[in-house]
Amino acid sequence: MADEITYYSHDLDDAVDFEILTAEQLDENEVWKRSQRDVLSRYPDAREPELHKLIIRNIIDVQVQDVVTTSAASVTKANPKNTDDVRKQPAKLIRYSDDLRKANAALRKFLYANVYYHPRVAEVNERACEMLKKVFESYVADPGQLGDVATKRIEQEGLHRTACDYVAGMTDRYLLEEYARITGARAALP
């Protein structure tokens, strides 16, 4: 849930920063509108670019507070005595409120409709996939590049699984550095 909150909030933030989303599109989304109203009620003089940063921060705060409050109430109500009691619950104890769960489903749908398949985003994703492929192939061809810890996993988990996990754990910056090292070409993702 923490990843979901972070990803969607940062994806919104990036989409606004890169002008992929317009103000009119953002007005279509309830999560954005609620936070915008809340921010403007507290900071009536807020203007761009600070305004959207405050809205993103508010979205994150609201989401986290909702999860904590809803989860605390569900744990208290269930009153589990041990981990087996938790596993036997008919519903997840750690969750959003019903209201926010529905709003987040709409946010996810909004992001897919307006951001994730946007041509500029698709172009960046395509370049990133090419870099990942090139780095993965290089590691499979020369597993010594993986380092001692990862190399020790190859016997038990297999070369492809180990290389895949290694690449999956990379930050964007590390991928760019490895791609540049392997290909000799400078790489950048906007």
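Scroll up to find the structure this text is about.
Residues numbered from 1 in each chain as written. Predicted model: local features only at pLDDT ≥ 70, side-chain atom pairs only at ≥ 80, totals over all residues. Heavy atoms only, no water.

Student: Just to check I follow, could you spell out the layout of surface pockets for this structure?
Tutor: Summary: where empty space remains is shown by rolling a probe the size of a single water molecule over the atoms. Of the pockets and cavities examined, the largest pocket occupies roughly 1100 Å³. Together, 31 residues line the largest pocket, and Asp11, Asp14, Val124, Asn125 and Asp172 are the ones closest to its centre. Elements supplying a minimum of two residues to the lining of the largest pocket: α1 (2-17), α6 (98-116), α7 (119-141), α9 (159-168) and α10 (172-183). If you tally residues by element for the lining of the largest pocket, the top one is α7, at nine residues. Classifying every residue of the lining of the largest pocket by side-chain character gives 21 nonpolar, four polar and six charged. (1 Å grid on protein atoms, 1.4 Å probe; cavity = no way out; pocket = protein on both sides within 12 Å on 5 of 7 lines; lining within 4 Å. Points joined across faces, edges and corners; volume = space filled by probe spheres on them. Helix = DSSP H or I, 4+ residues; strand = E, 2+ residues; numbered from the N terminus. Nonpolar A, V, L, I, M, F, W, Y, C, P; charged D, E, K, R; others polar.)

Student: Can you walk me through the packing of aromatic side chains in this structure?
Tutor: Two measures describe an aromatic ring pair: the distance that separates the ring centres and the angle between the ring planes. Applying the stated criterion across every chain, the model contains four aromatic pairs. Ring geometry for Tyr112 and Tyr117: centres 6.0 Å apart, planes at 45°, overall tilted. Of the residues examined, Tyr117 reaches a relative accessible area of 64% and is grouped as exposed. Look at Tyr166 and Tyr174: their rings are 6.4 Å apart centre to centre, the planes differ by 70°, and that puts the pair in the edge-to-face class. (Phe/Tyr/Trp six-rings, centres within 6.5 Å; stacked < 30°, edge-to-face > 60°. Buried < 20%, exposed > 50% of the residue type's maximum accessible area, 1.4 Å probe, protein only.)

Student: Looking at this structure, I do not really get the pattern of salt bridges. What am I missing?
Tutor: Should their charged atoms come close, side chains of opposite charge can pair. The full count for this structure, using the stated rule, is 15 salt bridges. Residues Lys53 and Asp17 are paired through a salt bridge, measuring 3.0 Å at the closest nitrogen-oxygen approach. Taken together, the positions of Lys53 in helix α4 (residues 50-78) and Asp17 in helix α1 put the pair 36 residues apart, joining distant regions of the chain. When salt bridges that share partners are traced, they join Glu30, Lys33, Arg34, Arg37 and Asp99 into one network. (Salt bridge = Lys/Arg side-chain N within 4 Å of Asp/Glu carboxyl O.)

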